[in-house]
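A structural walkthrough
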Number of protein chains: 2
Amino acid sequence: MGLAKTEMFTDEQNKIALFAKVFGHPARVAILQQLFKINTCYCGDLVSEIGLAQPTISQHLKELKNLGLVKGNVEGTSVCYCIDAENWTAMKAVMAAFLDQDITTTNSCC
Amino acid sequence: MGLAKTEMFTDEQNKIALFAKVFGHPARVAILQQLFKINTCYCGDLVSEIGLAQPTISQHLKELKNLGLVKGNVEGTSVCYCIDAENWTAMKAVMAAFLDQDITTTNSCC
DNA sequence: AATATTAATCGTAATATTGCAATATATTAA
DNA sequence: TTAATATATTGCAATATTACGATTAATATT
């Protein structure tokens, strides 16, 4: 079906999956790394830096914006993008709660 | 195309994306949380716990196994699954390097 | 006003993902 | 050996994702 049965899962599980999904493409990872590196970045800079076509980068940026991880600021004909620090921190807390679970090796089957 | 152009990105970026992708479905999040919670778990238990069909759970487990995050141990007709602690820790280091980047609010455009 | 620049949107082709019924495989029990 | 049980695999339909050319929208420059 290609359609996740989100109603079977908790809000937290769906939230983790949504954040993870947006990181599940190397172009979006690269965009975020670049934004962290140079702090503030025009859309066109990302296009030349990453090497995908402009509509493709624009589409990836849209997904990052939809989740609130990235903000865009219109400056004339350009749009300047940066990380949304507050939402990034909130996302980190959600992901950390999932990733930092304790592993009890006792009573393990394998 | 539906096909990520992995050759344009660094190994690290592709690795982050691969790990994130496997967490990008709530069923796999739920499977992992359950494995952390009860430490060791038969495939059938996950099917009844999560509520998706047996082939669906089996398929999700396969993806987790392919990335090395989960191990399975055959016990008679059953298969007992658990987290691969070593690989989980290694994965956490990769993801933390990405998620814990510093945010410099100075010189930010938005 | 006409043109240039930058980014977003639309449309579409190629491919990937999700979910499950049906079936196959492997082990144990009778 | 046969039947029962548990899991994996196959095949397929529905939907999602990725990428980009063409176009549009908005602002700047001349």
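Everything quoted here is computed from the prediction, not taken from an experiment. (Residues numbered from 1 in each chain as written. Chains lettered and ligands numbered in written order. Predicted model: local features only at pLDDT ≥ 70, side-chain atom pairs only at ≥ 80, totals over all residues. Heavy atoms only, no water.)

All names here are of chain A. Taking strand neighbours across the sheet as the criterion, the 3 strands line up as β1-β3-β2 in an open arrangement whose pairing is antiparallel. The open sheet terminates on both sides in strands that have one partner only, identified here as β1 (41–42) and β2 (70–75). Summarising the sheet, β1 and strand β3 (residues 78–83) pair through 2 bridges and their orientation is antiparallel. Paired with C41 across the bridge in β3 is Y81. Contacting β2 and β3, helix α4 (residues 54–66) runs over the sheet at an angle of about 120° to β2. (Pairing = 2+ DSSP bridges. Helix = DSSP H or I, 4+ residues; strand = E, 2+ residues; numbered from the N terminus. Contact = heavy atoms within 4.5 Å. Axes fitted to C-alpha atoms, helices over the stretch in contact; angles between N-to-C directions.)

Glancing now at the side chain of Q13(A). You can see Q13(A) is positioned in helix α1 (residues 11–22). If near-sequence neighbours (up to four positions away) are discounted, Q13(A) is found in contact with P26(B), V29(B), A30(B) and Q33(B).

Around DNA strand D, a shell composed of 32 residues is seen, among which M1(A), M1(B), G2(B), K5(B) and Y81(B) lie nearest. The contact atoms of DNA strand D, taken as those within 4 Å of the protein, divide so that sugar and phosphate hold 64%. Within the side chain of K21(A), one N or O atom sits 3.2 Å away from a phosphate oxygen of DNA strand D. Between a phosphate oxygen of DNA strand D and a side-chain N or O atom of Y81(B), the distance comes to 2.4 Å. Looking at the surface near DNA strand D, the elements with two or more residues in it are α4 of chain A together with α3 (43–50), α4 (54–66) and β3 (78–83) of chain B. In terms of residue class, the surface near DNA strand D is made up of 13 nonpolar, 13 polar and 6 charged. (Near = heavy atom within 4 Å. Polar contact = N/O pair within 3.5 Å; in protein donor to acceptor, adjacent residues only side chain to side chain. Nonpolar A, V, L, I, M, F, W, Y, C, P; charged D, E, K, R; others polar.)

As a further point, take the interface of chain B and chain A. Contacts between the two partners involve 51 residues from chain B and, on the opposite side, 50 residues from chain A. Note on chain B versus chain A: buried area summed over both sides is about 4300 Å², and carbon and sulfur give 69% of it. Taken together, chain B and chain A are joined by 2 salt bridges. Taken together, the connections running from chain B to chain A amount to 6 residue pairs in polar contact (both at pLDDT 80 or more). Counted by class, the side of chain B that touches chain A contains 28 nonpolar, 15 polar and 8 charged residues. (Buried area = accessible area lost by both parts, 1.4 Å probe. Salt bridge = Lys/Arg side-chain N within 4 Å of Asp/Glu carboxyl O.)

Once that is clear, we can look at the relation of the copies chain B and chain A. For the match of chain B to chain A, the screw axis carries a shift of 0.0 Å, the RMSD comes to 0.0 Å, and the turn is 180°. Such a combination of turn and shift is consistent with a two-fold rotation axis. In terms of C-alpha distance to the rotation axis, chain B has A20(B) as its closest residue, with the C-alpha 2.4 Å off the axis. (Least-squares fit on C-alpha atoms with pLDDT ≥ 70 in both.)

A separate point is the packing of helix α2 (residues 26–38) of chain A against helix α3 (residues 43–50) of chain A. Residue and element names in this part refer to chain A. The contact between α2 and α3 brings their axes to 11 Å, and the two run at 120°. Classified by the angle their axes make, α2 and α3 are oblique. Pair α2 / α3 crosses with right-handed handedness. In this structure, α2 contributes A27, A30, I31 and Q34 to the contact, and α3 contributes L46, E49 and I50. When the residues that make up the contact of α2 with α3 are grouped by side-chain class, the tally is 5 nonpolar, 1 polar and 1 charged. (Parallel < 35°, antiparallel > 145°, perpendicular 65-115°, else oblique. Left-handed = near helix turned anticlockwise from the far one by under 90°.)

Moving on: the packing of aromatic side chains. Each pair of aromatic rings is reported with the distance of its centres and the angle of its planes. Under the counting rule described, the total for this entry stands at 8 aromatic pairs over all chains. A centroid spacing of 6.0 Å and a plane angle of 80° characterise the contact between F98(A) and W88(B), whose relative ring orientation is edge-to-face. Of this pair, F98(A) sits in helix α5 (residues 85–99) while W88(B) is found in helix α5 (residues 85–99), placing the two residues in two different chains. Judged by its relative accessible area of 1%, F98(A) falls in the buried class. Ring centres of F36(B) and W88(B) lie 5.0 Å apart, and the angle between their planes is 70°; on these two criteria the pair is classed as edge-to-face. Of the two residues, F36(B) is situated in helix α2 (residues 26–38) and W88(B) in helix α5; the sequence distance between them amounts to 52 residues. Taken as a pair, F36(B) and W88(B) share a single burial class, namely buried. (Phe/Tyr/Trp six-rings, centres within 6.5 Å; stacked < 30°, edge-to-face > 60°. Buried < 20%, exposed > 50% of the residue type's maximum accessible area, 1.4 Å probe, protein only.)

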